[in-house]
Amino acid sequence: MPTKPAPIKKAAKKEPAKKVEKAPEKAPEKAPEPAPAPEPVPEPAPPAEPAPAEAAPAPAEAEAPPAEAAAPAEEVPVEAPAAPPAEEPAPPPPPADEPTSAPVDLFVEDKNDTSVSIIWSQPETIGPTGLDGYTIEVCKDGTEDWKAVNEEVQKSCRYVIKNQTTGDRLKIRVVAVNAGGRSPPVTLPEAVLVKEIADRPKVRLPRFLRQRYVAHVGAKINLTIPFTGRPKPVVTWTKNGQPLDAKRVNIRSTERDSILFIRAAEREDSGVYEMCVKVEDFEDKASFTLQIVELPGPPASVKIVDTWGFNVALDWTPPTDNGNTEITGYTIQKADKKTGDWFTVMEHYHRLNATVSDLIMGNTYKFRVFSENKCGMSEAAAVTKGEAKILKTGIEYKPPEYQEHDFTEAPKFTTSLNDRATTVGYSIKLLCSVRGYPKPRIEWMKNQMIIGDDPKYRQICVQGICSLEIRKPGNFDGGVYSCRAKNDHGEATVSCKLEVKQVMIADADKK
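Residues numbered from 1 in each chain as written. Predicted model: local features only at pLDDT ≥ 70, side-chain atom pairs only at ≥ 80, totals over all residues. Heavy atoms only, no water.

**Regarding the overall build of the protein chain**
As a reminder, the rule being used: By the criteria applied, helices consist of DSSP H or I runs no shorter than four residues and strands consist of E runs no shorter than two, each listed in order from the N terminus. A simple rule labels every residue: compare its accessible area, found with a 1.4 Å probe on the protein chains alone, to the largest value its type can have, and call it buried under 20%, exposed over 50%, or partly exposed in between. In what follows, a contact means two residues having at least one pair of non-hydrogen atoms within 4.5 Å. Each accessible area is a Shrake-Rupley result for a 1.4 Å probe, and residues are judged covered by the shown protein chains and nothing else.
Secondary structure assignment for the protein chain yields 7 helices and 36 strands. Out of the 511 residues in the protein chain, the part that is buried amounts to 33%. A sequence separation of at least 24 residues applies to 64% of the contacts in the protein chain between residues at least 6 apart. Carbon and sulfur atoms make up 52% of the accessible area of the protein chain, which amounts to about 32,600 Å² in all.

What follows is the structure, given as structure tokens:
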């Protein structure tokens, strides 16, 4: 097959095969000249031969040297354009690199006295070149001297512009960058003032401080009260409307909370504390009551008012020092003169007078009273000046005579039976209640026949509540049920009607 085209080329004397082989090399130069093709029309054989020449390029290349010898005689062949119809079209050139569209949704996320935080979204159109990053540019308001603030392209869609001067007004824009260059910029509609955003202050008073806060004398007070507000609020404290005593109370404030600290609380630290936070023209206040308490003093005085039989009446006055909190009660103790040991006869007693009973005949007693508050019992007590002596003579005790009440009663139903209805196979309970003394005996009957110990029925009577449970009743368990109560003083009966219904079957189930 490779040797067949050679004789044909010699007979034609125009060697079209050689021109076909060189055509692919010069195709880019001759492709724009397809017009001159008049001579190949009378020669149909050469156009058919290029296919085997292309199918077997190796033999054609082997014959290249003789073709080179004849090439000078054929410098300007017009038959070369016959080869391009058999070739594939050249691929289109790659598109030129283009920048992306402008970023979108640029806005200020946050700012303070020295920095501005911005955020944006990526461009809607990026293209095949991709997106390398963003350049953030700023300039002062009133100028057009734009300067990039990031040395390298920013990958994320958020950036913090730092080291700015407080009070400056900045214009900010963002440009997307890729291999095609810079995109159109997206600019904030207004210049940004470099200043902390004023946030109205708010004191977050803890729940436990919304009521009176009570602590004991000597306790350590450490209260943390959070607040919000920007820029950092100015915090001030007062006690009962007056500035705090720095020697007694320490205040430490941060950007988020304020701490009130008292190393060892005293009663004079009690009062209403008010905290005020202020941001520019806005302020918020919160107050709480601090109460420092301690043990109360003893009652002011105590005396024996009267003595009779085995009883002694006492009377006393409240303490002059209540420990900075209300008195919750008193404790009364007695001591026999012979032994001198004190015994408690009353605790948490609320009145200012009491009667001590069950004293021993012939003994002499002294009494003392302690006061109590929420901290505990007073350390000292008020003691009676005089003594109470229980005399031995002239005491005769005659117990009163009591006549027993007759509680006997004939049975009486306090709750009667109600007519009931049930379905075959569904257990049911009949309930009633009866009273009487002595305890009445209960009998259940069906159609005036005593049921007795029939296992189908369960009979219970507890605390006068009588119940009859009919287990899975059948068609013949309907009728009149009665409950009869008997004792030595009479009897009583109640009745009801029980109806047992058949189970309803749907027409579809019957079929």
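**Describing the packing of aromatic side chains**
To be explicit about the condition: Stacked, edge-to-face and tilted are the three classes for Phe, Tyr and Trp ring pairs, Trp counted by its six-membered ring, which pair at centre distances within 6.5 Å; planes under 30 degrees apart are stacked, over 60 edge-to-face, the rest tilted.
Scanning the model with the defined rule gives 8 aromatic pairs in all. Ring centres of W316 and Y349 lie 6.2 Å apart, and the angle between their planes is 55 degrees; this geometry places the pair in the tilted category. One end of the pair, W316, is in strand β20 (residues 311–316); the other, Y349, is in strand β22 (residues 342–349), with 33 residues separating them in the sequence. Within the aromatic cluster, the residues linked to one another by ring pairs are W237, Y273 and F288.

**Some remarks on the sheet that holds strand β15 (residues 250–253)**
As a reminder of what qualifies: Each pair of strands is called paired provided DSSP finds at least two bridges between the two strands. Here, axes are lines fitted to C-alpha atoms. For helices the fit covers the stretch in contact, and angles between N-to-C directions go from 0 to 180 degrees.
Read across the sheet, 4 strands follow the order β10-β12-β16-β15 without closing on themselves; strand pairing throughout is antiparallel. With one partner strand each, in any of the chains shown, β10 (199–203) and β15 form the two edges of the open sheet. Along the sheet, successive strands turn relative to each other by an average axial angle of 20 degrees, direction set aside. Both strand β12 (residues 221–230) and strand β16 (residues 257–262) contribute to a ladder of 6 bridges, which runs antiparallel. In the sheet register, N222 faces β16, and the bridge partner there is F261.

**Quick notes on the nonpolar core**
The condition is simple: Nonpolar cores are built from buried Ala, Val, Leu, Ile, Met, Phe, Trp, Tyr and Cys residues. Side-chain atoms within 4.5 Å join them into one set.
Ranked by internal contacts, the top residues of the largest apolar core, which has 21 residues, are I221, I225, W237, Y273, M275 and F288. Those elements that place two or more of their residues in this core are β12, β13 (234–239), β16, β17 (271–279) and β18 (282–293). When near neighbours in sequence (up to four residues on either side) are disregarded, Y273 contacts W237, T238, K239, L244, V249, L260, I262, A286, S287, F288 and L290.

**Considering the environment of V293**
Within the secondary structure, V293 sits in strand β18. The exposure class of V293 is buried, given its relative accessible area of 1%. Expressed as a C-alpha distance, the spacing of V293 and K374, which sit 81 residues apart in the sequence, is 8.5 Å. V293 has contacts with V214, A215, H216, V217, G323, N324, T325 and C375, leaving out every residue within four places of it along the chain.

**Topic: the confidence of the model for the protein chain**
Applied cut-off: Per-residue confidence from the predictor is reported as pLDDT, which spans 0 to 100.
Residues with a pLDDT of 70 or more make up 79% of the protein chain, whose mean pLDDT is 81. Taken as a whole, residues 1–80 scores under 50 in pLDDT and shows 45 contacts with residues more than four places along the chain or in a different chain.

**Some thoughts on the pairing of β17**
In this structure, β13 lies alongside β17, joined through 6 bridges in antiparallel fashion. Following the sheet pairing, K239 is matched in β17 by Y273. In this structure, β17 lies alongside β18, joined through 9 bridges in antiparallel fashion. Within the sheet, the bridge partner assigned to G271 lies in β18 and is L290. Taking the residues that link successive antiparallel strands as the turn, the β17-β18 hairpin has 2 residues, and the phi of E280 there is positive, at about 55 degrees.

**Quick look at the sheet that holds strand β2 (residues 116–121)**
In space, the 3 strands of this open sheet follow the order β1-β2-β5, with antiparallel pairing throughout. Each of the sheet's edge strands pairs with one partner strand only, and the pair in question is β1 (104–111) and β5 (158–161). Neighbour-to-neighbour, the strand axes of the sheet open up by a mean angle of 25 degrees, direction not taken into account. Alignment of β2 against β5, held across 4 bridges, turns out to be antiparallel. Across the sheet, V116 pairs through a bridge with I161, a residue of β5.

**Re the environment of L131**
Counting through the fold element by element, L131 comes out in the loop between β2 and β3 (133–140). By relative accessible area, which is 28% here, L131 ends up partly exposed. Note: C-alpha distance between L131 and N178 (47 residues apart in sequence) is 5.0 Å. Leaving out residues up to four positions away in the same chain, L131 has contacts with T100, P123, I126, A176, V177 and N178.

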